[in-house]
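Structural description and commentary
The primary structure of each chain is shown beneath.
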Amino acid sequence: MLDPRLLRAFTAIVDAGSFTLAAGRLNMTQSTISQQLARLEEAVGAALVDRAARPAEPTAAGERLLGYARRILALQAEAETAL
């Protein structure tokens, strides 16, 4: 199962183009964001972000997951609003 907290960290990194900016947007430390991405990458068995790129960019696997991650997070928000 994909943890929404990990998906949120992943999408924040891609959207911000930076681990540090993503951490700031989510009120977390950069270390926590890095750990969450590592946990997600371990769960899916693939690197999701090219850490050497500036700005940080999703890998091919990250691109495939990104759309699903956004939909999962949107559905979660919709369910919370409905309930």
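Please refer to the structure higher up on the page.
In this report, we go over the structure that sits alongside the text. The shown structure was predicted, so the numbers you read here are calculated from the model rather than taken from an experiment.

Given 3.6 residues per turn, any residue in an α-helix points the same way as the ones three and four places further on. Taking 1.5 Å per residue, 13 residues should reach 18 Å; helix H1 (residues 4-16) reaches 18 Å between its end C-alpha atoms and fits that length. Residues of H1 that are buried: Leu 6, Leu 7, Ala 9, Phe 10, Thr 11, Ala 12, Ile 13, Val 14 and Ala 16. In the core, the buried residues of H1 are packed alongside helix H2 (19-25), helix H3 (30-44), strand S1 (49-50), strand S2 (57-58) and helix H4 (60-82). Once H1 finishes, Gly 17 follows within two positions and takes phi at roughly 75°, a positive value.

The omega torsion across Arg 54 and Pro 55 is 0°, close enough to zero to call that bond cis. Checked against the element boundaries, Pro 55 lands in the loop between S1 and S2. Even without being a glycine, Asn 27 presents a positive backbone phi close to 55°. Within the secondary structure, Asn 27 sits in the loop between H2 and H3. In this structure Asn 27 comes out as exposed when scored by relative accessible area, which is 73%.

Attention shifts here to the nonpolar core. For soluble globular proteins, the rule of thumb is that nonpolar side chains tend to be buried together. Grouped together as the largest cluster of nonpolar side chains are 22 residues, with contacts concentrated most on Phe 10, Ile 13, Phe 19, Leu 37, Leu 40, Leu 48 and Val 49. Elements that contribute at least two residues to this core include exactly H1, H2, H3 and H4. Here this core gets eight residues from one element, more than from any other, and that element is H1. Setting aside anything within four residues of it in sequence, one finds Ile 13 in contact with Ser 18, Phe 19, Ala 22, Ile 33, Leu 37, Val 49 and Ala 56.

Given a rise of 1.5 Å per residue, 23 residues ought to cover 33 Å, and the 34 Å separating the end C-alpha atoms of H4 matches this to within 8%. Of all the bends in H4, the greatest measures close to 30° and is centred on Leu 66. Of the positions making up H4, those classed as buried are Ala 61, Gly 62, Leu 65, Leu 66, Ala 69 and Leu 73. Where H4 is buried, its residues meet H1, H3 and S2.

Looking at the secondary structure, you find Thr 59 in the loop between S2 and H4. Taking the C-alpha atoms as reference, Thr 59 lies 9.1 Å from Ala 46; in sequence the two are 13 residues apart.

What counts and what doesn't
Residues numbered from 1 in each chain as written. Predicted model: local features only at pLDDT ≥ 70, side-chain atom pairs only at ≥ 80, totals over all residues. Heavy atoms only, no water. Helix = DSSP H or I, 4+ residues; strand = E, 2+ residues; numbered from the N terminus. Expected span 1.5 Å × (residues − 1). Buried < 20%, exposed > 50% of the residue type's maximum accessible area, 1.4 Å probe, protein only. Contact = heavy atoms within 4.5 Å. Core = buried A, V, L, I, M, F, W, Y, C linked by side-chain atoms within 4.5 Å. Bend = angle between axes of the 7 residues up to and from the residue.

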